[in-house]
Amino acid sequence: MTQRGIASPVCNLKFVTLLVALSSELPFLGAGVQLRDNGYNGLLIAINPQVPENQNLISNIKEMITEASFYLFNATKRRVFFRDIKILIPATWKANNYSKVKQESYEKANVIVTDWHGAHGDDPYTLQYRGCGKEGKYIHFTPNFLLNDNLTAGYGSRGRVFVHEWAHLRWGVFDEYNNDKPFYINGRNQIKVTRCSSDITGIFVCEKGPCPQENCIISKLFKEGCTFIYNSTQNATASIMFMQSLSSVVEFCNASTHNQEAPNLQNRMCSLRSAWDVITDSADFHHSFPMNGTEFPPPPTFSLVQAGDKVVCLVLDVSSKMAEADRLLQLQQAAEFYLMQIVEIHTFVGITSFDSKGEIRAQLHQINSNDDRKLLVSYLPTTVSAKTEVSICSGLKKGFEVVEKLNGKAYGTVMILVTSGDDKLIGNCLPTVLSSGSTIHSIALGSSAAPNLEELSRLTGGLKFFVPDISNSNSMIDAFSRISSGTGDIFQQRIQLESTGENVKPYHQLKNTVTVDNTVGNDTIFLVTWQTSGPPEIMLFDPDGRKYYTNNFITNLTFRTASLWIPGTAKPGHWTYTLNNTHHSLQALKVAVTSRASNSAVPPATVEAFVGRDSLHFPQPVMIYANVRQGFYPILNATVTATVEPETGDPVTLRLLDDGAGADVIKNDGIYSRYFFSFAVNGRYSLKVHVNHSPSISTLAHSIPGSHAMYVPGYTANGNIQMNAPRKSVGRNEEEQKWGFSRVSSGGSFSVLGVPAGPHPDVFPPCKIIDLEAVNVEEELTLSWTAPGEDFDQGQATSYEIRMSKSLENIQDDFNNAILVNTSKRNPQQAGIREIFTFSPQISTNGPEHQPNGETHESHRIYVAIRAMDRNSLKSAISNIAQASLFTPPNSDPVPARDYLILKGVLTAMGLIGIICLIIVVTHHIVVTHHTLNRKKRADKKENGTKLL
């Protein structure tokens, strides 16, 4: 480790210098969207293979992006537009006038076009899994949204919608509307509609037509059947993140138009900052300036690309380093599993190996039968060479030579590069790799693998894996299981249900249960691997009690594997396996179980594991994510556990959460997250995620939380209400999950540098609180938030610092000088627990605030923020800013008291009538006397009543 730490900076410098030299000559392949000279290049839109062929879909996508480019150019004040777009056409489409893919694949797409798998919603949607100002994962459109022109009445033109979603994806801004809180009480105790900007006008509509807003409010609840309909003609020019469908809306909300009081995601996630403020703070705007002149940019250019034959080449290290720590054996076991089970039928596969030189072991063979698979397995290396030198470039060169024999080029091919060698000359073949059009997935074995190996994957859009020298680690098989064809067809891909390993003592056993749920079961494989010469004693029981034994498995004694294929559809339920170590020494026994979808109409549950950054420097934490879904529906209440394996030392397990706190941005969106910072050593770390789900807990979310384009129910035009068709809900059929389910997925690898050699100092503060909420009840304010930890989102913080202000600017820019709330009696709870704190805010007013219309109102808006501290006084970042209205302004009825005041008025009137009746029955003399007195009393009562109101 020490030598590596000294040598790698020099090596990295050379590598970076080479990249800079090449950057102006080579296209940005596999590197995602790039902004150059104000134009975005490399935007990838992918159509799912399940979508039927329709040429109108392509033309409508082109029209959408072309309109979006000009709309975006104006909205960003002549800063950015779309220049170069690629549309990935499914291989299932028959038209053949498309170019061949290079490194494009469905999994790399910025925009995906696919159905909701049986649902009827057509909301354009962006998956945002990180905080304010951070890029999202992808934009999703349904084919119906892109083909059905009737939907533009509710969503607006497709180009405008695309810009709304692009701002989510690229710049990390959030929606400014809120369907769950369509109105709020502002600082002057007035009912306001959640909107941005506040200048957008409209009327309240009840079941029978227009109505006063009072008819829609019942004790702070929005009455069912009421809605707010916006005028079709507006003067407001903002905001695109609220209602891009309005023709007048051509801008994002900025500091002068942003509605900071609205209870929406933009205010909560971005601490009340406007969308334009966040956008202009992005890297895109730091490196681009408004274009001169008045001319528009050219319209975008489109490339239509389609995958041809699937071509894979295994590029395998056979240097002497592979003899260490069972590396060759693990490679053989995983490669055999990949060739026999994972790689799809009709794929062309070749094999090369390398030490200091490359060698072709197998030219391309197309897999059409099981015999083809067995033939390829026979070409896997069985021994290592005596050479310690490693030339990765030599291996890749032979790999390109193999795949180019099919079509003359390596475009669209895949290299699976496995190595444990330290090759400092990787940069020599970088130009060849970048221009090849091939995607390189890298698997690093042990701590001596080349430090820059992962750059080959990063630059070509490939996956990166690390296999530690831990005998019971299944990381190699997990890596090969994760490498799929990249088509996006979840119904054809293998899904990993189980992956576990254990060092089992002599004559002891590994026993466990794996759940086969009813969305999978086709082509189910149980794989068992071991270390010593003979297999363990295997027993497998299906849910009906049927038994399978060792002799039912197909064994490969050379590679020490045994596999069992379940014919037809595997019985759903719990399968129990037992592996007995019949040898006299301790050995690692491992099990992996994979399957495919059982029903082409029902998508299986899936998990995709990934990290926020794959290269960091201590003490930066890494954010671990697991996207758990069935189709596009988030799966809730799952038990999600991440296992992180370092180069040396014991694996660390960590429970991931979907609670909208800490590393998790949005609650119940199916993205389970957590900070990881338990770094043992410098170097690579391997990530794997297990998902288990109980059958007794509700599985799927009924809606898709997060960032959608707003569907407008209707407009008013010339005093007439014009309602759009009712928005189709993103419904789903309730399906009984009788057995629950289990899933496993490799999350690839990440690397860390700068880890101290000795005990770590306390450098990890509590994490930022991102879900602070404030509710006022009479003259008290109740705050609620999720407790952070001593270190980020783990452990228990020591204290809280809560501050409040009547000025948003004060609490945003000068938190330390805002009014301090006494929290001396409030001890933080364990991380993840919901905190509730009530206090009476004593805050002085600085006189009435003057409104633009000349009227004078006194605002009682209060802003609150919080931060946590640990035992060493390390402080978290300041939380999101919560806000609330306090007290009742003079001459204004608070909404909740309206019903009470009406009742009081009725009772007062009845009392006055009673007094009049009593007066009539007395004598004339008494009447005259009492008439005078009574007039005085009634006047007094009236005066008192006015004061109460």
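Up top is the structure.
Quick caveat, the model's predicted, so the values are computed rather than measured.

**Q** Talk me through the nonpolar core; I want residue IDs and the actual numbers.
**A** Soluble globular proteins tend to pack their nonpolar side chains together in the buried interior. Grouped together as the largest cluster of nonpolar side chains are 76 residues, with contacts concentrated most on F82, F162, W166, W171 and F252. Per element, the largest residue contribution to this core is 9 residues, and it comes from helix α2 (residues 55-75). The contact partners of W166, leaving out residues within four places of it in the chain, are V33, Y40, L43, L72, F82, I139 and W171. In this structure, V607, F610, A638 and Y672 belong to the second largest nonpolar core, which totals 54 residues.

**Q** Quick one: what's the story with the packing of aromatic side chains, residue by residue and with numbers?
**A** We describe a pair of aromatic rings using the distance from one ring centre to the other and the angle between the two ring planes. This structure, assessed with the given rule, holds 38 aromatic pairs. For the ring pair Y40 and W166, a centre distance of 5.0 Å and an interplane angle of 65 degrees mean the geometry is edge-to-face. Within this pair, whereas Y40 is found in strand β2 (residues 39-41), its partner W166 is found in helix α5 (residues 158-171), the two being separated by 126 residues in sequence. Each member of the pair, Y40 as well as W166, is classed as buried. Their ring planes at 75 degrees and their centres at 6.5 Å tell us that F618 and F679 sit as a pair that is edge-to-face. Of this pair, F618 sits in the loop between β34 (615-617) and β35 (622-630) while F679 sits in the loop between β39 (671-676) and β40 (683-693), placing them 61 residues apart in sequence. Feature note: the residues F618, Y675, F676, F677, F679, Y685, F750, F764 and F792 constitute an aromatic cluster, connected by ring pairs. Between K77 and the ring centre of W276, over which it is positioned, the NZ or CZ distance is 5.2 Å. R803 extends its terminal NZ or CZ atom over the ring of F815, reaching a point 5.9 Å from the ring centre.

**Q** Explain the state of the cysteines to me, and be specific about the residues and the numbers.
**A** The final tally for this structure, using the stated rule, is 2 disulfides. The disulfide partner of C132 is C270, and the S-S distance across this bridge is 2.1 Å. Classification of the bridge connecting C132 and C270 rests on its S-S torsion, roughly 105 degrees, and on that basis the disulfide is right-handed. Within this pair, whereas C132 is found in the loop between β8 (125-127) and β9 (138-141), its partner C270 is found in the loop between α7 (265-269) and α8 (275-280), the two being separated by 138 residues in sequence. Put simply, C393 and C429 are joined by a disulfide, and their sulfur atoms are 2.2 Å apart. Because the sign of the S-S torsion sets the handedness, a value of about -75 degrees for the bond joining C393 and C429 places this disulfide among the left-handed ones. One end of the pair, C393, is in helix α12 (residues 392-407); the other, C429, is in the loop between β21 (414-419) and α13 (430-436), and 36 residues separate them in sequence.

**Q** Outline the sheet that holds strand β47 (residues 799-805), listing residues and values.
**A** With respect to topology, 4 strands assemble into an open sheet ordered β48-β47-β52-β53, the strand pairing being antiparallel. At either margin of the open sheet sits one strand with a lone partner, and together these are β48 (819-821) and β53 (882-885). Averaged over all adjacent pairs, the angle separating strand axes in this sheet is 30 degrees, with direction ignored. Direction of pairing for strand β52 (residues 861-869) relative to β53: antiparallel, over a ladder of 4 bridges. Residue pairing in the sheet places R861 in a bridge with S885 of β53.

**Q** So, the sheet that holds strand β16 (residues 227-231): which residues are in play, and what are the values?
**A** The 5 strands lie next to each other as β13-β12-β16-β42-β43, forming an open sheet whose pairing is mixed. Because the sheet does not close on itself, it has two edges, and the strands there are β13 (209-210) and β43 (720-723). Taken together, the 4 bridges between strand β12 (residues 202-206) and β16 define a ladder with antiparallel strand orientation. Note that in β16 the partner of I203 across the bridge is I229.

Criteria and cut-off values
Residues numbered from 1 in each chain as written. Predicted model: local features only at pLDDT ≥ 70, side-chain atom pairs only at ≥ 80, totals over all residues. Heavy atoms only, no water. Core = buried A, V, L, I, M, F, W, Y, C linked by side-chain atoms within 4.5 Å. Buried < 20%, exposed > 50% of the residue type's maximum accessible area, 1.4 Å probe, protein only. Helix = DSSP H or I, 4+ residues; strand = E, 2+ residues; numbered from the N terminus. Contact = heavy atoms within 4.5 Å. Phe/Tyr/Trp six-rings, centres within 6.5 Å; stacked < 30°, edge-to-face > 60°. Lys NZ or Arg CZ within 6 Å of the ring centre and 35° of its normal. Disulfide = S-S within 2.5 Å. Pairing = 2+ DSSP bridges. Axes fitted to C-alpha atoms, helices over the stretch in contact; angles between N-to-C directions.

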